[in-house]
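# Structural characterization, general
The chain contents come next:
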Amino acid sequence: MTTLTMKFGGTSVGSAEAFTQAAGVVLEQAQKWDRLAVIVSAMSGVTDALIQGARTAASSDGRTYRAIVADLRVRHYRAVDALLTPDGERAQLLATVDDYLDEFAAFCRSVHILGEVTPRAMDAITSLGERISARILAAYLRRRGARSEAVDATELIVTDATFQNAVPLMEATRARIAARLSPLLDDGVIPVVTGFIGATEKGVTTTLGRGGSDYSAAILGDCLDADEVWTWTDVDGVMAADPRIVPDARVIPVLSYGEVSELAYFGAKVLHPRTIRPVVERSIPLWVKNTFNPTCPGTRIVREPESAPGTVKAVTAIEGLSMVTVEGRGMMGVPGIAARTFAAVASQDASVLMISQASSEQSICFIIPTPTVPPVIHALEEEMALELARRDIDQIRSLDDVVIVTAVGAGMRGTPGVASRIFGALGRGNINIIAIAQGSSECSVSLVVAADAAADAIQQIHSEVIING
Ligand code: ADP
Ligand code: ASP
Ligand code: MG
């Protein structure tokens, strides 16, 4: 028995035309696989709009969310009107859209009165986009003659209570999926499951983090023991660089799980960074494909593709970062400074994206998101008060507006000279490198550069190391 799990991203259901295109893909694959499960994101821009509505409502602006409700109503109505007929499910679905948007407005009113939006409330609010889009796609598939049912992932994906970035509890999730989803699949029904969302054991709605529908698809793929997981998006696959920065970047036909993990972790938006974890364990092949160009094969992601030695396959970047440096001659040889530094950083819930320490032990520097800099510096100054007073530590400073640029390729492993090719390319482009780190997997090299040099650095690595490498 063959099983396929397919996820459609926001642009793939961003309009009536996109829904039609996505449904075409679903109906075609439904002919080819014994069991087909579909996961869907909110229509493009909807999650952003829901967040904006909640934030503005919380900050004493009682108008913006009303305008957003009106705008979301128009967008969803337009899609439903075009997709469903008056003698079919149209009226019912428009009423469903109204119900969810009324719920959104009610949440925003409460948030407005309270003057704050908790992560838990934010998850309840942002889950609404997927709840609506799944119902539209399922209804449209029924209109096209398929047996389909919308299913909320709150019934399937059990998570912890880390709102906005919840962690799935796989055992419980597997049991729910077996009980709720497998019978539908075995009966030939195509479930359309909401991406991005889950619920705690007690049933409180959570989300898996922005872009989390990819992760939902991988979780379902794992729990259904799928033969393959496909994610459908608006580009031809994973490309050698972000196409918005390098317009002529090419699609990479095959990547390893490790390479894709590095790419996603270091900023390539095309897949959520946690997507790989569930598929790795069962070696389930993952494909990234283009809804609007479905005959293009896309990118295949598997355990061990062949990699030519020394090959750099892709370059990516994370913006909005700062580099914090703790330095002082008195740090040399003092045990525990690094541990105390990172304990202080962790106490502020800041995620450290990269670390580098000078071998003389006179400085430790690390990269964190810019908004976390003030609390982190404050925590460090408290932790190191004694060392600062004694001048063992001279200063704790931050450099804002930096970007991590990462070159990825398993073929770098054990091949000398790749790093020097990257540095050479940046040198010829006159780009200053602020710090360097190599991933322990040896399938990536990361460099920190000033934000205004990032696009040049990416283009330079793309043209000199990837294309002409
Ligand atoms: P979806 O809504 O389908 O999940 P996303 O917007 O989350 O789509 O991700 C796809 C987008 O990721 C592309 O449109 C592209 O602009 C961006 N992107 C960034 N880096 C890459 C890359 N290396 N390869 C492909 N797309 C990339
Ligand atoms: N709709 C969610 C977001 O915009 C999840 C996703 O698109 O994957 O983040
Ligand atoms: Mg996405």
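An account of the accompanying structure is given in this report. (Residues numbered from 1 in each chain as written. Chains lettered and ligands numbered in written order. Predicted model: local features only at pLDDT ≥ 70, side-chain atom pairs only at ≥ 80, totals over all residues. Heavy atoms only, no water.)

Mapped onto the secondary structure, D152 falls in the loop between β3 (148–151) and β4 (158–159). In this structure, D152 is in contact with Y100, R131, R135 and T194, ignoring residues within four places of it in sequence. (Helix = DSSP H or I, 4+ residues; strand = E, 2+ residues; numbered from the N terminus. Contact = heavy atoms within 4.5 Å.)

As for its position among the elements, L83 is in helix α3 (residues 64–83). Accessibility expressed as a relative area gives 1% for L83, which makes it buried. Remark: the alpha-carbon pair of L83 and L141, spanning 58 residues in sequence, is separated by 9.7 Å. When sequence neighbours within four positions are dropped, the list of residues in contact with L83 reads A16, F19, T20, I136, Y140 and R143. (Buried < 20%, exposed > 50% of the residue type's maximum accessible area, 1.4 Å probe, protein only.)

So, on to the layout of surface pockets. Of the volumes computed, that of the second largest pocket is approximately 230 Å³. The wall of the second largest pocket is formed by V167, P168, M170, R174, Y215, I219, D222, R274, R277, P278 and E281. Put simply, the parts of the chain that give the lining of the second largest pocket at least two residues each are α7 (170–180), α9 (213–223) and α11 (276–281). (1 Å grid on protein atoms, 1.4 Å probe; cavity = no way out; pocket = protein on both sides within 12 Å on 5 of 7 lines; lining within 4 Å. Points joined across faces, edges and corners; volume = space filled by probe spheres on them.)

This part takes up the nonpolar core. Grouped together as the largest cluster of nonpolar side chains are 59 residues, with contacts concentrated most on M6, F8 and F104. The residues touching F104, leaving out its near neighbours within four places in the chain, are A49, L50, G53, Y65, I68, V69, L72, I125 and L128. (Core = buried A, V, L, I, M, F, W, Y, C linked by side-chain atoms within 4.5 Å.)

What follows covers the sheet that holds strand β16 (residues 435–438). In spatial order, the strands read β13-β14-β12-β15-β17-β16; together these six strands make up an open sheet with antiparallel pairing. A strand with exactly one partner marks an edge of an open sheet, and here the two such strands are β13 (354–357) and β16. In this sheet, neighbouring strand axes are inclined to one another by 30 degrees on average, regardless of whether the strands run parallel or antiparallel. Direction of pairing for β16 relative to strand β17 (residues 444–450): antiparallel, over a ladder of four bridges. Residue pairing in the sheet places Q438 in a bridge with V445 of β17. Relative to strand β15 (residues 395–408), helix α13 (residues 373–383) is tilted by about 125 degrees, and along the sheet it contacts β12 (314–327), β14 (363–369) and β15. (Pairing = 2+ DSSP bridges. Axes fitted to C-alpha atoms, helices over the stretch in contact; angles between N-to-C directions.)

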